[in-house]
Amino acid sequence: MKYPYGEKGAVIHCLTDLYGRQSYFVPSIKSKSGSMRPSFLQPMTPLVITVNMKSKEGLERMKEVRLYHQFQTLHSNPTKQISLFFIAELLHSLFKEQTDQTDLWDFIMNKLEALDKEEADPHFALFMLVHLCTFAGYGLFDHASHLKLSQSIEARSLVLPMGEKTIGGEEALLLDQLMKADAEDLKEIRSHSRSRRNLMDQLLAFLRSNNDSMPKLKSLEVLRECMI
C-alpha cells in the first residue's frame, strides 16, 4: 500500500519474506532515473528490494528495486484486480509483525501465480481469506479436523475457534470445500453467490470480533459485486 510523502516520494507498506511487515520511503517515484516505477506500486506486485539499513530511527530508504515476477493478467483483469486489492487490505490489517514470514510469502506467490494462469474465479478472494485466517493464527484448519458433518447439508455447522460464532448450512459446506481445495481446483466448486457473500461476511465479522483494530475494508463492497 502507498501513501504520498512530499512532491515525488511516497511511503509504501510491504510484506517481506524475511522481515514481515515493513514500511519504506521511496524518494523518486516519478523520476526517470529512479529504479522505482509507478507500475511497481500496484497492489500485490512482487518486488526484490535493496534497502539502506543505516538509520535506527525513521523510515528506511528503498535504494534499488526490481520485479521479482511479471504477472500477465492480474493487473489488467478488473475482477482479478479487485481480488488483489482485497487481499492487500487483508494482509495490511492482519499481519503487522516484523518477523520472518517466508511461509506466508511463498503461499501468496504460489496462489497468485495460479490465479494469473486461470480465469478469474468468484471463489478466489474467499479462498485466500480462509487460508490467511489460519496464517494469522485463528486455527480454522486445526478446528475443522474435529468437525463432524451430518448427512444433511442444512445441518452442517462449524463452530469457529476463539468464540462461539457458528457457520451452518450451505456456508459450512462451502467453507469445508475451500479449506480442502487448492487454487487450481476452485473452478470445480459450485456455490450460490448468496452463500459466498454470507460466508465472507461471517468470516470478516469473526475476525473483527477478535481484532478490535481491524478497519472496514474499502474493497469489500466492490468485491461483493464481483462475487456473482
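Looking now at the overall build of the protein chain. Scanning the protein chain from terminus to terminus reveals seven helices and seven strands. Per-residue burial over the protein chain gives 44% buried out of 228 residues. In the protein chain, the share of contacts with a sequence separation of at least 24, taken over all contacts with a separation of at least 6, comes to 60%. Only carbon and sulfur atoms are counted for the fraction: they give 49% of the accessible area of the protein chain, which is about 12,700 Å².

A few words on the pattern of salt bridges. Throughout the structure, instances matching the rule amount to five salt bridges. A salt bridge links K187 to E118, with the nearest nitrogen and oxygen atoms 3.8 Å apart. In this pair, K187 is assigned in the loop between α5 (169–180) and α6 (193–209) and E118 in the loop between α2 (102–117) and α3 (124–135), connecting sequence segments 69 residues apart. The exposure class of K187 is partly exposed, given its relative accessible area of 41%. Linking R224 and D201 is a salt bridge whose minimum nitrogen-to-oxygen distance equals 2.7 Å. With R224 in helix α7 (residues 220–226) and D201 in helix α6, this pair connects stretches of sequence that are 23 residues apart. Overall, D201 belongs to the partly exposed group, its relative accessible area being 32%.

The geometry of α3 relative to α6 is characterised by a closest axis approach of 10 Å and an angle of 30 degrees between their N-to-C directions. With respect to each other, α3 and α6 are oriented roughly parallel. Remark: the crossing between α3 and α6 carries left-handed chirality. Facing A125, L126, L129, V130 and C133 of α3, the residues of α6 in contact are R196, L199, M200, L203, L204 and L207. Classifying every residue of the contact of α3 with α6 gives ten nonpolar, no polar and one charged.

Another aspect to go through is the packing of helix α1 (residues 78–94) against α3. Where α1 meets α3, the closest approach of the two axes is 9 Å, and the angle between their N-to-C directions is 15 degrees. On the basis of their axis angle, the class for α1 and α3 is roughly parallel. Every pair of crossing elements has a handedness; the one defined by α1 and α3 is right-handed. Mapping the contact onto sequence places S83, F86, I87, L90, L91 and L94 in α1 and F124, A125, M128, L129 and L132 in α3.

Calculation rules
Residues numbered from 1 in each chain as written. Predicted model: local features only at pLDDT ≥ 70, side-chain atom pairs only at ≥ 80, totals over all residues. Heavy atoms only, no water. Helix = DSSP H or I, 4+ residues; strand = E, 2+ residues; numbered from the N terminus. Buried < 20%, exposed > 50% of the residue type's maximum accessible area, 1.4 Å probe, protein only. Contact = heavy atoms within 4.5 Å. Areas by Shrake-Rupley, 256 points an atom, 1.4 Å probe, with all protein chains shown as cover. Salt bridge = Lys/Arg side-chain N within 4 Å of Asp/Glu carboxyl O. Axes fitted to C-alpha atoms, helices over the stretch in contact; angles between N-to-C directions. Parallel < 35°, antiparallel > 145°, perpendicular 65-115°, else oblique. Left-handed = near helix turned anticlockwise from the far one by under 90°. Nonpolar A, V, L, I, M, F, W, Y, C, P; charged D, E, K, R; others polar.

From the geometry alone we can't say anything about function, so treat these as descriptive.
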